[in-house]
Amino acid sequence: MAETDLIETMPGANTAAPLLLLQGTGGTNQEMLTFGRRLAPQSPLITIAGRQGVGAQRQYYSQTAAGPVNPAQIAEEASWLGEQVQQVCQEHRWDAERLVVVGYSNGAAMAAYGVLTGQIPGQAALLFHPLQLPVALPVQRPGYRAWLSAGEHDPLVTVATVKKVLKSFDEIQAETTMEITGGTHQLTPHEVLAAQTWLTVNAL
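Residues numbered from 1 in each chain as written. Predicted model: local features only at pLDDT ≥ 70, side-chain atom pairs only at ≥ 80, totals over all residues. Heavy atoms only, no water.

K.L.:
Just checking my understanding: could you explain the environment of Tyr 113 for this structure?
P.N.:
Looking at where Tyr 113 falls in the secondary structure, it is placed in helix H3 (residues 106-117). In this structure the C-alpha to C-alpha distance between Tyr 113 and Pro 134, which are 21 residues apart in sequence, comes to 7.9 Å. Non-local contacts of Tyr 113, meaning those with residues more than four positions away in its chain, are made with Ile 74, Ala 75, Ala 78, Gln 119, Leu 133, Pro 134 and Val 135. (Helix = DSSP H or I, 4+ residues; strand = E, 2+ residues; numbered from the N terminus. Contact = heavy atoms within 4.5 Å.)

Next comes the structure, spelled out in structure tokens:
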């Protein structure tokens, strides 16, 4: 698959904050565009699929339950994502400085990494059940806003893990909010509504 085939957009109001949507393992661009439109009815939408794996195993970085992650691969993919979203925003005349990155699971981990390293531009992040990735040199981003969610019964991403990601955002002077649900790894309706409400108040 060509890299250009990994990128899809959906138009919105050019005056609205654009959303970058990063899916969980095996997610699809269409699912993310539908989800993005639900979160932000007026915003331009950008979704970029991961380059690792294929089909139901597609990811932004190679992640298994047993093996360690590859820091070099993560850094390379975050750089590529940042370059792609900057280019898409420039082509469509969308404001990259107002970008909101929305990620789920593997995509949320990559979104958090890209924000913490400064490779993903913008003003805010919605991170659903993010895994923690090591960041050697985090970049201070005062005024940045981040909303994170976790499920008390999530077998893949614990509440403790998400709290560690939250702490990383606190350390770069971002304003943080955390939503803990009684759910599992799947998103709950309450969780999505809480994210939508936060987004409307803080970034749209």
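K.L.:
Looking at this structure, I do not really get helix H4 (residues 159-171). What am I missing?
P.N.:
Over its 13 residues, H4 extends 19 Å from the first C-alpha to the last, a length consistent with the 18 Å expected when each residue adds 1.5 Å. Among the residues making up H4, those that are buried are Val 159, Val 162, Val 165, Leu 166, Ser 168 and Phe 169. Next to the buried residues of H4 lie H3, strand S5 (124-128), strand S6 (145-151) and strand S7 (175-181). Of the residues trailing H4, Gln 173 is marked for its positive phi of about 70 degrees. (Expected span 1.5 Å × (residues − 1). Buried < 20%, exposed > 50% of the residue type's maximum accessible area, 1.4 Å probe, protein only.)

K.L.:
What's the story with the nonpolar core in this structure? I'm lost.
P.N.:
A general trend in soluble globular proteins is that nonpolar side chains are found buried together. In this structure, Leu 20, Ile 46, Ile 48, Tyr 61, Val 101, Leu 127 and Phe 169 are the most contacted members of the largest nonpolar core, which totals 45 residues. Counting only elements with at least two residues in this core, the list comes to strand S2 (19-22), strand S3 (45-48), helix H2 (71-92), H3, S5, S6 and H4. Per-element tally for this core: the top contributor is H3, with eight residues. Not counting residues within four places of it along the chain, the set of residues in contact with Val 101 comprises Leu 20, Leu 22, Ala 111, Val 115, Ile 120, Ala 124, Ala 125, Leu 126 and Tyr 144. (Core = buried A, V, L, I, M, F, W, Y, C linked by side-chain atoms within 4.5 Å.)

K.L.:
Looking at this structure, I do not really get the sheet that holds S2. What am I missing?
P.N.:
Strand pairs in the sheet, formed through backbone hydrogen bonds, run parallel or antiparallel to each other. Taken in spatial order, the seven strands of this open sheet run S1-S3-S2-S4-S5-S6-S7, and their pairing is mixed. Either end of the sheet is taken by a strand with one partner, and the two such strands are strand S1 (7-10) and S7. Shown here is a sheet whose adjacent strand axes are inclined to one another by a mean of 15 degrees, direction ignored. For S2 and strand S4 (residues 100-104), the ladder comprises four bridges, and the chain directions are parallel. (Pairing = 2+ DSSP bridges. Axes fitted to C-alpha atoms, helices over the stretch in contact; angles between N-to-C directions.)

K.L.:
Help me out: how do you make sense of the side chain of Glu 191 in this one?
P.N.:
Note on placement: Glu 191 falls in helix H5 (residues 189-202). It is Arg 38 that comes nearest to the buried, bridge-free Glu 191 among opposite-charge side chains, at 10 Å. A distance of 2.6 Å separates the side chain of Glu 191 from the side chain of Ser 149, its partner in a polar contact. In contact with Glu 191, other than residues within four places in its own chain, are Phe 128, His 129, Trp 147, Ser 149, Thr 181 and Gln 186. (Lys, Arg positive; Asp, Glu negative; His and termini not counted. Salt bridge = Lys/Arg side-chain N within 4 Å of Asp/Glu carboxyl O. Polar contact = N/O pair within 3.5 Å; in protein donor to acceptor, adjacent residues only side chain to side chain.)

Don't take any of this as a statement about function, it's just geometry.
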